[in-house]
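Secondary and tertiary structure notes
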Amino acid sequence: MRAVIKKRKPFMTVQRWVTLAVICGIAIVAAVFIYYRYVQLPYWSDEAKIRTETKEAAQLDSVSKATKYVWEHTYWIIEGVDGEGEDVYIWTQADKDKPAYDTLMLPLVIKASESVSKSDIKDIFKQAKPDADIKRIQPGMLNGEPVWEIYYSRDEHTTKYYYEFYRFRDGSYVTEYALPAKYAP
C-alpha cells in the first residue's frame, strides 16, 4: 500500500503577502510623518510663540502670516490686522540675546498703507527686468532697515540667481546681490 503524502499549504499565502505589504506601507508613511513632525516642531513652536507674543504686544486683532527671515540677523516678520482694521507689518528680533542694531527699535510696526505693496514692488521690478523669473518676494530687513526682498533668476548663458532689495516704505532701490552661477552639465 502506498502512503499518501499530504502537501502542506504554504505559510505565506497571497492574502498574507498583501496584508504584510499594506502594514509595511502604513508603517513607512507613519514613520515619515513622525520624522517630519519631529524636524518641524521647533519651528512651529517658535512661530506659535511669536504669533502670540506679537498679537498681544501690538494689540492685533488677527495674525495672517509669520515669516522667519534670516539675513544679517534673524527676524520674525508678522503680517496682521490691528484694532483699527488696518493691515500691518511687524518686525521683531528672533534671538533676543544678540543685539541687532543699536538704533533699531523693535518691534517695528509699519502700516501697509504707509508702505509700498507687494504687487507694486513686483511691477517696479518687472519694468526694470522684464526677463527675470521671480522666485519669491517677501518683506525683510537689511542693515537695520525694512525692505522688500526679491529673489529671482535670469538666463545669461547659464542660470544666475540674484537677491534685490527695495525700501519697504517708498519702493526705492537699495542693492543687489548675485549668487554664483550654476553651470549646466
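Figured I'd write up the structure that's included with this text. On a predicted model such as this, the values are computed, not experimentally measured, just so you know.

A closer look at helix α1 (residues 14–57)
Over its 44 residues, α1 extends 62 Å from the first C-alpha to the last, a length consistent with the 64 Å expected when each residue adds 1.5 Å. The axis of α1 is deflected most strongly, by about 45°, at Gln40, and proline Pro42 appears within four residues downstream. Residues of α1 that are buried sit in contact with β1 (60–70), β2 (74–82) and β3 (87–93). Gln59 occupies a position one or two residues after α1 and carries a positive phi of about 55°.

With respect to the sheet that holds strand β8 (residues 173–178)
The strands that make up a sheet are held in pairs by hydrogen bonds between backbone atoms, and each pair lies either parallel or antiparallel. One open sheet holds the four strands; their spatial order is β5-β6-β7-β8, and the pairing between them is antiparallel. Edge strands, defined here as strands with exactly one partner in the open sheet, are β5 (133–142) and β8. Neighbour-to-neighbour, the strand axes of the sheet open up by a mean angle of 25°, direction not taken into account. Relative to strand β6 (residues 145–156), β5 runs antiparallel, the two being bridged by nine bridges. Bridge assignment links Pro139 to a residue of β6, and that residue is Trp148.

Regarding the environment of Val147
Tracing the backbone shows Val147 in strand β6. Expressed as a C-alpha distance, the spacing of Val147 and Tyr69, which sit 78 residues apart in the sequence, is 11 Å. Other than its neighbours up to four places away in sequence, Val147 contacts Gln138, Pro139, Gly140, Met141, Leu142, Phe165, Tyr166, Arg167, Phe168 and Val174.

Cut-off values and rules
Residues numbered from 1 in each chain as written. Predicted model: local features only at pLDDT ≥ 70, side-chain atom pairs only at ≥ 80, totals over all residues. Heavy atoms only, no water. Helix = DSSP H or I, 4+ residues; strand = E, 2+ residues; numbered from the N terminus. Expected span 1.5 Å × (residues − 1). Bend = angle between axes of the 7 residues up to and from the residue. Contact = heavy atoms within 4.5 Å. Pairing = 2+ DSSP bridges. Axes fitted to C-alpha atoms, helices over the stretch in contact; angles between N-to-C directions.

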